[in-house]
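# Observations on the model geometry
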Amino acid sequence: MNTFITDEKTTPEGTSIPPRTGLTPDALPEVQTPIPAENSTRGVSTHYTRSARHWYALRATYGQESKANDYLVSKGVETYYPTIKAFVMVNNKRKKVTQSYLLNIFFARGTEEELKTYVYDNANLPYLRFYCRRTGLGDDVKYEPLIVPDKQLENLRTVLADQSGELVVVPDDEHKFDKGATVRVIGGIFKGIEGKVARYCGHQRVAIVVDGILTIATTYIPSAYLERID
């Protein structure tokens, strides 16, 4: 089953139907191996940082991410809710709307305890949950809310600002790319992002990985715009 942007329809104005990541709304996403490096671009250990403010990945089931995001914003919570402009047919008329770029997914910044007051608010937000990282083995398995490092979120902001509809989004358990060296983009619209060189449909791209959730690959980037990171 193709879970990347195969159903996308680009409009004459250059906008498109948002990608569907193929994540199961009712499943608890997990990361199988914890990554302890606090400053890693791929993950942050939550064991020692629960009192600090971080970006957390949130899952709103049944397409309620816009509603959940609006509620958190109304309470003064800093969020990142990526959207894309799209055209839909309403009463046989073409209408421009704003839709979620990442189905069921958005991000919020705060301490773990602060965000728990909303994630576990079953009266107002029964459909909101953390994406979690699984740690331990056997009877010692624990689930900890997944932290998204600041640099990784910056990368996401830069990549998802591209409204061309040509990005490729796949869930974390799919493997669609041949990944190579870690690089930094030094030119073009994606300047400043860091990720893995990836090849998809014959085009060289840079893949941004959000552990346990998804991988997003840019549009084509020439080699002259890439700088290898040791």
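Below: a short report on this structure.

## Observations concerning the nonpolar core
- Among the nonpolar cores identified, the biggest contains 30 residues, and Leu102, Phe107 and Ile216 are the most heavily contacted of them.
- Among the secondary structure elements, those contributing two or more residues to this core are strand E1 (54-60), strand E5 (105-110), helix H3 (150-160), strand E11 (178-185), strand E13 (203-210) and strand E14 (214-217).
- No other element matches H3, which puts four residues into this core.
- Those residues within four positions of Phe107 in sequence are excluded, and the remaining contacts are Trp55, Tyr56, Ala57, Glu78, Thr79, Tyr80, Leu102, Val148, Leu153 and Leu156.
- Ranked by size, the runner-up nonpolar core spans 18 residues in total, among them Ala60, Val77, Val119 and Leu128.

## A word on the pattern of salt bridges
- All chains considered together, the criterion is met by six salt bridges.
- For Arg109, the salt bridge identified is with Asp150, shortest N-O distance 3.1 Å. Of this pair, Arg109 sits in strand E5 while Asp150 is found in helix H3, placing the two residues 41 residues apart along the sequence.
- Three or more residues are tied together by salt bridges with common partners; here these are Glu112, Glu113 and Lys116.

## Concerning the packing of aromatic side chains
- Counted by the stated rule, this structure contains three aromatic pairs.
- Taken together, the aromatic side chains of Tyr56, Tyr120 and Phe130 make up a single cluster linked through ring pairs.
- Positioned above the aromatic ring of Phe87, the side-chain terminus of Arg94 is 4.0 Å from the ring centre.

## Re the side chain of Gln152
- As for its placement among the helices and strands, Gln152 is situated in helix H3.
- At 2.7 Å, the side chain of Gln152 forms a polar contact with the backbone oxygen of Val209.

## Overview of the environment of Gly187
- Its place among the elements puts Gly187 in the loop between E11 and strand E12 (194-200).
- A sequence separation of 37 residues divides Gly187 from Ala224, and the C-alpha atoms of the two residues are 8.1 Å apart.

## Considering the pairing of strand E4 (residues 93-100)
- Across eight bridges, the pairing between strand E3 (residues 83-90) and E4 is antiparallel. Looking at the pairing, Ala86 lines up with Val97 of E4.
- The hairpin formed by E3 and E4 contains two residues between the paired strands, and Asn91 there has a positive phi angle of roughly 55 degrees.

## Describing the environment of Ile221
- Relative to the helices and strands, Ile221 resides in the loop between E14 and strand E15 (226-228).
- With 31 residues separating them in the primary sequence, Ile221 and Phe190 have C-alpha atoms 8.6 Å apart.
- Other than its neighbours up to four places away in sequence, Ile221 contacts Val185, Phe190, Gln204, Val206 and Leu226.

Criteria and thresholds
Residues numbered from 1 in each chain as written. Predicted model: local features only at pLDDT ≥ 70, side-chain atom pairs only at ≥ 80, totals over all residues. Heavy atoms only, no water. Core = buried A, V, L, I, M, F, W, Y, C linked by side-chain atoms within 4.5 Å. Buried < 20%, exposed > 50% of the residue type's maximum accessible area, 1.4 Å probe, protein only. Helix = DSSP H or I, 4+ residues; strand = E, 2+ residues; numbered from the N terminus. Contact = heavy atoms within 4.5 Å. Salt bridge = Lys/Arg side-chain N within 4 Å of Asp/Glu carboxyl O. Phe/Tyr/Trp six-rings, centres within 6.5 Å; stacked < 30°, edge-to-face > 60°. Lys NZ or Arg CZ within 6 Å of the ring centre and 35° of its normal. Polar contact = N/O pair within 3.5 Å; in protein donor to acceptor, adjacent residues only side chain to side chain. Pairing = 2+ DSSP bridges.

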